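# Structure assessment
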Amino acid sequence: MINLSLPSPANLVPPPPKTLNPSRQKTPPTQTLKNPNFEHLKNRLIHQASVGHLRQAISTLDLMTQQGLTPDLFTYSLLLKSSIRTRQFHLGKLVHARLSESQLEPDSVSLNSLISLYSKNNDWVTANAIFENMGERRDVVSWSAMISCFSRNDMESKAISTFVKMLEFGEYPNQFGFAAVIRACSNAENAWIGDVIFGSVIKTGYFESDVCIGCALIEMFAKGSGDFDSAKKVFDRMPDKNSVSWTLMITRYSQMGNRKEAVELFINMVESGYMPDKFTFTSLVSACAELGLLSFGQQLHAQVVKYGLAFDVCVGCSLVDMYAKCAEDGSMVNSRKVFDLIPDHNVISWTSIITGCGQSGKHSKEAIELYCRMIEDQVLPNHFTFSSLFKACSNLSDPDTGEQIYAHVVKMGLAAVNCVGNALISMYARSGRMEDARKAFDILFEKNLVSYNTIVDGCTKNIDSNEAFGVFPQIEATGFVLDSFTFASLLSGAASIGAVAKGEQIHARLLKAGFESNQHIANTLVSMYSRCGNMEAALRVYSKMERLNVVSWTSIITGLAKHGFATRALEMFQEMLNAGIKPNEVTYIAVLSACSYVGMIDEGWKHFNSMYKEYGISPRMEHYACMVDLLGRSGFLGEAMQLINSMPFEADALVWRTLLGACRVHGNIELGKQAAEMVIEKEPNDSAGYILLSNLYASVGQWNEVAEIRKTMKKKNLGKEAGSSWIEIEDTVHKFHVGDTSHPQAEEIYKELDQLVTEIKEVGYVPDTSSVLQDVEDEQKEEFLLQHSEKIAVTFGLINTSKPKRITVFKNLRVCGDCHNAMKYISMVKEREIVLRDSNRFHHFKNGICSCNDYW
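Residues numbered from 1 in each chain as written. Predicted model: local features only at pLDDT ≥ 70, side-chain atom pairs only at ≥ 80, totals over all residues. Heavy atoms only, no water.

Moving on, we come to the state of the cysteines. Within the structure shown, the criterion is met by 0 disulfides. Note on C317: no disulfide assigned, nearest cysteine sulfur contributed by C314 at a separation of 6.6 Å. C317 gets classed as buried once you look at its relative accessible area, which sits at 8%. Just so you know, C595 is unpaired, no disulfide at all, and the nearest cysteine sulfur is the one on C626, 9.4 Å from it. (Disulfide = S-S within 2.5 Å. Buried < 20%, exposed > 50% of the residue type's maximum accessible area, 1.4 Å probe, protein only.)

Structure follows, in structure tokens:
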């Protein structure tokens, strides 16, 4: 057990400074004292050292030596202190060499300066050797310098043990010794020791008198134990605050996520008459970037100019980042202006502008171009630069360029750096190249939790959730503590394939891990349960949430809308507004989708028009697509076309596909052809436009046109996505394709399906052969309808589950009219609730009725 108790200062008077043994002191030669040039050269040397002209001072030192004038220890100490002050450590080492060559025996002052010199040059070995050789010449300054050396070089345990040895040596710590050891306690491992030392500081009276100790205590509480309340109490009790202490508090608040408090503290700082410096502004501007406070950030920018810091690299980089993150339209104009004003670009400034371009998503190509300029300017990139470049390549879906950049990474020896490897994994995953992502993951030498989270997230986003769940036990085996991102990614994976049982298992694990109150996790749970077809569970999670943000409300509104509960979704939206929560763009997509799913045209127009008027949200492409869908589904194809023509920007393929789908429902060939042409023009290598147009022709029996489209697709090597459906039974997902016979229970499934069709025909089911978009006989059309994947999946569910368990099936495409009709009859004759999620929405079939009221 470490004993750090100190006696009260009333009972312990610090001992007088130790004196050197007279026999070890050297007296300058007589000729030095009598030489009239000695004082002149010494005064010149002192002046040169004081103004920072260290090279000239050393030249003067050499001149004195050449003339036989031996400089005294005061002169050497002055030169050493000048080299430390100006951070010209290489010149300080030169002074040390001159001192070693002289006939002088170093005293404690010069030796303490040498310890400080090597300490600040991160050479703790030499500093410690000097300290150990001092013997009896060690004083409180020596001990404090050595404690500071170990603390500065991330050797906290050594710093603390040296502090204890100092006490055992009988030396009374001063404010510098206390400050140094407290800094060594600014981590979670040593924070408890810091608390003990804090008691000693209070006892000795240094806390009330020294600003350095106050700053060190703030660091210890903020960084060591995350105790901002204690850090703020220390700050408030400091009698002599200065700009450094204010800036320290602001910086720690900003870095630890308490950014609003950082802004408030800055305002108090200015009101109290303290002058901010470049570190203050850097922290404040960064806080504004994270909070999205563009207006306040611009005010800070004005203050930066006022204080003459506009050309400082650190301040400039934080401004570049702030403008990039806060620009509502994703513009990089202001960021580029700030960047261009920085006179001397270094790797940090280049990386900041490249990162800004990459994170906006709209300027990723510019990020690559800036990197080329950076290389031309012979500025070497670092691991942060490469991480940002891989993100830019991800945004561009350009892994080929990413691979060229990776060659530079390997050349610079940065391939083993975690953040670079993780960014490479993410780039491959976002580009759909999961095999390459897995290789990049496997070759990463030292994986961290981010590495595992990245590969899990990549798997889930590429609908490879089984692979993601396979990584889960690997993470646990490494000993990493799973974080909220891991759980959120796994929940998204469960949602993507509708594996509710997997989702429930993950839910249980995160409860055990203590993430129940985590808002991000709770929001993801709401989304997972609703996407897996269990809206009741989603509502239960939602109702238990202590705090609701815009994401929480949007998640539940989206879920209700997707399940066809449009009225309840709109009621929730109104409750959200009443609660004072401002909706965002995604919220309005959910609201307009709810209106579209049930054909609430007037309600849809009301919300569409209120977006900008009431909340300043300019409609995006997705909002227009929702309105086109709403109008098109309801048969108002002309109005939908008028809306497209009135858009403030050119409609993309999504909008035209939406109109084309509505034309197919209502059989409008001419407008459908126009929409299809626009889809193909926008996305010539996507089969969706061709298939929708082919289906439109097929629905009205124009088989020659269907054949022509299929020939065109064949020439272009464009394939049609095969329909598939899947169902989860006892924690296993079973997938079926059209006419699938590969399943072990295939014979039993088709036998049951034949019987099922006979049963539902007896109660009124009539096969809708118009859903078969092929030119064959009606009897064969009925056979094709029987082989649809959703019918096979539902039949499999009936065989392998018992009443009253609900059957939930997922399909990758839109459900056809015949299958939708059949599901209603199956739910009635089997007395089972069937939930079917297609590519667009959920259908709840119960007692012969669907939740969509046959409007989809």
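This part is about the confidence of the model for the protein chain. The pLDDT averaged across the protein chain works out to 84; a share of 93% of its residues lies at or above 70. Every residue in residues 1-33 scores below 50 in pLDDT, and together they form 47 contacts with partners more than four places removed in sequence or on other chains. (pLDDT = per-residue confidence, 0-100. Contact = heavy atoms within 4.5 Å.)

With respect to the secondary-structure elements, T554 resides in helix α32 (residues 550-562). Residue T554 is classed as buried on the basis of its relative accessible area, which comes to 6%. Within the structure, the side chain of T554 is placed 2.7 Å from the side chain of T587, a separation counted as a polar contact. With sequence-adjacent residues up to four places away left out, T554 is seen in contact with N584, V586 and T587. (Helix = DSSP H or I, 4+ residues; strand = E, 2+ residues; numbered from the N terminus. Polar contact = N/O pair within 3.5 Å; in protein donor to acceptor, adjacent residues only side chain to side chain.)

Right, let's talk about unusual backbone geometry for a bit. For the peptide bond that leads from K803 to P804, omega is 0°, which places it in the cis range. Along the chain, P804 falls in the loop between α44 (789-800) and β3 (807-811). The phi torsion at S397 lies on the positive side, around 50°, for a residue other than glycine. Along the polypeptide, S397 turns up in the loop between α22 (383-395) and α23 (399-411). The backbone phi angle of N847 is positive, close to 55°, even though this residue is not glycine. For N847, the location among the structural elements is in the loop between β5 (842-846) and β6 (849-850).

The next thing to look at is the packing of helix α11 (residues 191-204) against helix α12 (residues 211-224). α12 packs onto α11 with a crossing angle of 150° between their chain directions and a minimal axis gap of 10 Å. Classified by the interaxial angle, the pair formed by α11 and α12 is roughly antiparallel. Here the hand of the crossing between α11 and α12 comes out left-handed. Contacts from A191, G194, D195, F198 and V201 in α11 reach I213, L217, M220, F221 and G224 in α12. The residue makeup of the contact of α11 with α12, split by class, is 7 nonpolar, 2 polar and 1 charged. (Axes fitted to C-alpha atoms, helices over the stretch in contact; angles between N-to-C directions. Parallel < 35°, antiparallel > 145°, perpendicular 65-115°, else oblique. Left-handed = near helix turned anticlockwise from the far one by under 90°. Nonpolar A, V, L, I, M, F, W, Y, C, P; charged D, E, K, R; others polar.)

With that settled, the discussion passes to the sheet that holds strand β4 (residues 834-837). By way of backbone hydrogen bonds, the strands of a sheet pair with one another, either parallel or antiparallel. Strands sit in the order β2-β1-β3-β4-β5-β6 across an open sheet of 6 strands; the sheet is mixed. Single-partner strands in this sheet number two, and they are β2 (732-737) and β6. For β5 and β6, the ladder comprises 2 bridges, and the chain directions are antiparallel. Bridge pairing links F845 to C850 in β6. (Pairing = 2+ DSSP bridges.)

Taking 1.5 Å per residue, 14 residues should reach 20 Å; helix α34 (residues 585-598) reaches 21 Å between its end C-alpha atoms and fits that length. Taking burial as the measure, the 14 residues of α34 include 10 buried ones, the bulk of the element. Among all positions of α34, only T587, Y588, A590, V591, L592, S593, A594, C595, S596 and Y597 are buried. Contacts from the buried residues of α34 go to α32, α33 (566-578), α35 (601-615) and α36 (621-633). The N-cap residue of α34 is N584: its side-chain oxygen and the backbone nitrogen of V586 are 3.1 Å apart. One or two positions beyond α34, positive phi appears at G599, with a value near 75°. (Expected span 1.5 Å × (residues − 1).)

Side-chain direction in a regular strand flips from residue to residue, so the side chains alternate between the two faces of the sheet. Alternating residues of β4 divide into I834 and L836 and V835 and R837, and every residue in both groups is buried. Where β3 meets β4, 4 bridges bridge the pair, whose relative direction is parallel. Bridge pairing in β4 links T808 to V835. Crossover connection from β3 via helix α45 (residues 817-829) to parallel β4: handedness right-handed. With 4 bridges joining them, β4 and β5 adopt antiparallel strand pairing. Residue R837 lies in a different strand from β5, and its bridge partner there is F842. Linking β4 back to β5 in an antiparallel pair, the connection comprises 4 residues. (Right-handed = clockwise from strand over helix to strand, strands pointing away.)

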